[in-house]
Amino acid sequence: MFIKEYIKDVWGAISSLLKGMKLTGYYFMHHNKEAITEQYPDNRKTLKMADRFRGEVVMPHDENNEHACTGCTACELACPNGTIKIITKMEPTPEGKKKKAIDTFVYRLELCTMCNLCVEACPTGAIKMDQTFEHSVFDRRLLTKKLNKPDSKVREGVE
Amino acid sequence: MFSLSHITDLVNAWLYQQFPPTLALLLQFVIVGILVITLFSILGLVLIMMERRVAAWMQLRLGPNRVGPRGMFQTVADTVKLIMKEGMTPNGADKLMFNLAPYIVMMVSMVIMAPLMFADGFQIWDINIGVFFITAISSVSVIGILMAGWASNNKYSLLGAMRSGAQIVSYELSAGLSIITIVILTGSLQVSEIIAAQQTGWWIFKGHIPVLISFVIFIIAVTAETNRAPFDLAEAESELTAGFHTEYSGMKFALFFLAEYVNIFVVCAIGATLFLGGWMPFHIGSWESFNHIMDYIPSSVWFFGKTFFLIFVIMWFRWTFPRLRIDQLLNLEWKYLLPISMFNLILVTLMAIMGWHF
Amino acid sequence: MMSLDAIFFYIISAFILLMGILAVTTRKIFRSAIYLLGSLIGIAGLYFWLEVEFIAAVQIVVYVGGIVVLIIFSIFLTQQSGKEMPRTNLSRNIFSLLAVIAGFLLSCSLIHQYGFEAGSQPFDNAVSRIGLYMLNTGKDGFALPFEAVSILLLAALIGCIVIAMKSVPTKSTK
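Now for a description of the structure that goes with this document. (Residues numbered from 1 in each chain as written. Chains lettered and ligands numbered in written order. Predicted model: local features only at pLDDT ≥ 70, side-chain atom pairs only at ≥ 80, totals over all residues. Heavy atoms only, no water.)

All names here are of chain A. A cis amide bond links tyrosine 40 with the next residue in sequence, proline 41, at an omega value of 0°. Mapping proline 41 onto the fold places it in the loop between helix 2 (31-34) and strand 1 (56-58). Positive phi, normally seen in glycine, also occurs at threonine 73, with a value near 60°. Checked against the element boundaries, threonine 73 lands in the loop between strand 2 (66-67) and helix 3 (74-78). Given a relative accessible area of 22%, threonine 73 falls into the partly exposed group. Positive phi, close to 75°, is recorded for asparagine 116, a residue that is not glycine. (Helix = DSSP H or I, 4+ residues; strand = E, 2+ residues; numbered from the N terminus. Buried < 20%, exposed > 50% of the residue type's maximum accessible area, 1.4 Å probe, protein only.)

Ile143 and Phe265 of chain B together with Ile72 of chain C are the most contacted members of the largest nonpolar core, which has 115 residues in total. Sort the elements by how many residues they give to this core and helix 12 (residues 250-275) of chain B lands first, with 16 residues. If we ignore the near neighbours within four places in the chain, the residues touching isoleucine 72 of chain C are Ile143 and Leu146 of chain B together with Phe30, Ala33 and Ile34 of chain C. In terms of nonpolar packing, the next biggest core, distinct from the first, is built from 21 residues, Met114, Cys118, Met129 and Leu147 of chain A among them. (Core = buried A, V, L, I, M, F, W, Y, C linked by side-chain atoms within 4.5 Å. Contact = heavy atoms within 4.5 Å.)

A few words now on the packing of aromatic side chains. Per the counting criterion, the structure on display carries 28 aromatic pairs over all chains. Consider the rings of tryptophan 150 of chain B and phenylalanine 76 of chain C, whose centres lie 5.2 Å apart with planes at 5°: the pair is stacked. Within this pair, whereas tryptophan 150 of chain B is found in helix 6 (residues 141-151), its partner phenylalanine 76 of chain C is found in helix 3 (residues 53-77), the two belonging to separate chains. Given a relative accessible area of 16%, tryptophan 150 of chain B falls into the buried group. Accessibility expressed as a relative area gives 8% for phenylalanine 76 of chain C, which makes it buried. Taken together through their ring pairs, the aromatic side chains of Phe118, Phe265, Phe303, Phe304 and Phe308 of chain B make up a single cluster. (Phe/Tyr/Trp six-rings, centres within 6.5 Å; stacked < 30°, edge-to-face > 60°.)

As structure tokens, then:
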């Protein structure tokens, strides 16, 4: 019947609106507990980033200044927008053979979209995503970074 | 109790004693004008601050907290910014209309303040058609919006103005009908008499269900009339940039902004006067001692408390509900609010005749 | 020395006349509507000056809130309404001026012949009296005109609905 439908309509509208107002009203009353604002940069010391956040690509080095990059260029191939460029060199091993190793791992931060594809492509886990995010510089050339530290070597046993 | 009428009478008597009557009248006009302008600026500062704080807390943010203690001077800083900005007039605009529009909107919201009773014995003009005067004058504000939209020579402005015109013209009906329910119960249009009729209890309690329905309809209709979310189609940011005030900047924009907030105050004050008893303290029938205790709270505190409660409710709407589409907006008015309020009007008339209210 | 009352009267009258003249002489149609609005508000101001507040408020509700908004809407919906209209030629100007003068003289003579007298008894403008007269069937009642006007309005409403209604495609019964 028409009248019954009409009243049901009005009732449904009012009750659903009240439900919404109840939620926002709860937030209003409990704003101290629930507020999620980070007061950056006041809380820079205690700032906790979310686990999923990706800030930049880094190459971890251990205490002997060694990394795990073999120069296979899998990350360079995986990168969708040419952020990574790997310059390799041939390095003599103690056995007298020559072995491929990286000379420079070029990482262009201004092109990176933090898609994580390079990290997934890396067979040796040499690169990973870091959570630093304060990247602003006055000269954009500074955004082109060299990830391997000077005189660093590939770790023993990493193939 | 604490009536402000002593002070106003004293000032009145002193003025007429000191000056010839004509000059005294003019001086009173000047005093009232200054008071209204002061109230305007204070309301602007307070309400914008309140809106920001409410919005922030409802969205789980902190809100302004940099300027002054707990961000209290944020709106002052904003006002300074707006005053210093250049007020530009676009080249293709109709210059006279463009510059006139904000002042019309502003003047309308000033004039509506006249019959409001801020406290016991503190009122600018106790005109005998009180609430009807308010509904009449508030229908002029749509002209200012239409002028602004047209004169900007901008399609967003024009669309926003058209939407806002259609909206205000249609929602005025149900706002008016819900005001009439109280007029029927009171038997007078005068604001002071409407308040005096609530001596034994506010209408929202005395008139139970029908008055409650008309109160809800009133709140919805005035939210639409002041162009606030969820009825902010006239200035829908995502569709029309800023609607009718897209081309305005600096102080002219500030006038629109201020008028919007003062309009909210005015309609909430009307709602508080009609349904919640204006400055009348909370009285329950014949409980003499209880009523006496309530009388100790000053009447202006009651008035502003009720008004700000209603303002909070309207802000609550804004930060909870999504915006309506234009067809939904008109459907809501013509298919739901108007038939319901007409039916409600008959119910209230019946109730007033049979004396079913308390 | 004029009293403040008289000064107010002349200010309001001058405002009404100025707005009226501007409404017919401006060449932008939207401005014309706004000047008309100013003139109507001035008349409402005159009613306020006469202390017939109810009539003044009705004037504002009906003319400003209703009719002028409708006029403005129709201006918005017409094409090329933002352009300046062409200047009227001389002969038309002269004839309209003559028409204005004739109308002015006619109303002047009518007012002069009638000779309005100032009422002696105090003026009662209570709203409830208007309501009582409006629905009174007695000697001074206006119940019949009131009902006639309501039927007219109802007819207009039904006409609007009929025009606006979409014809529902009837199911072919064959």
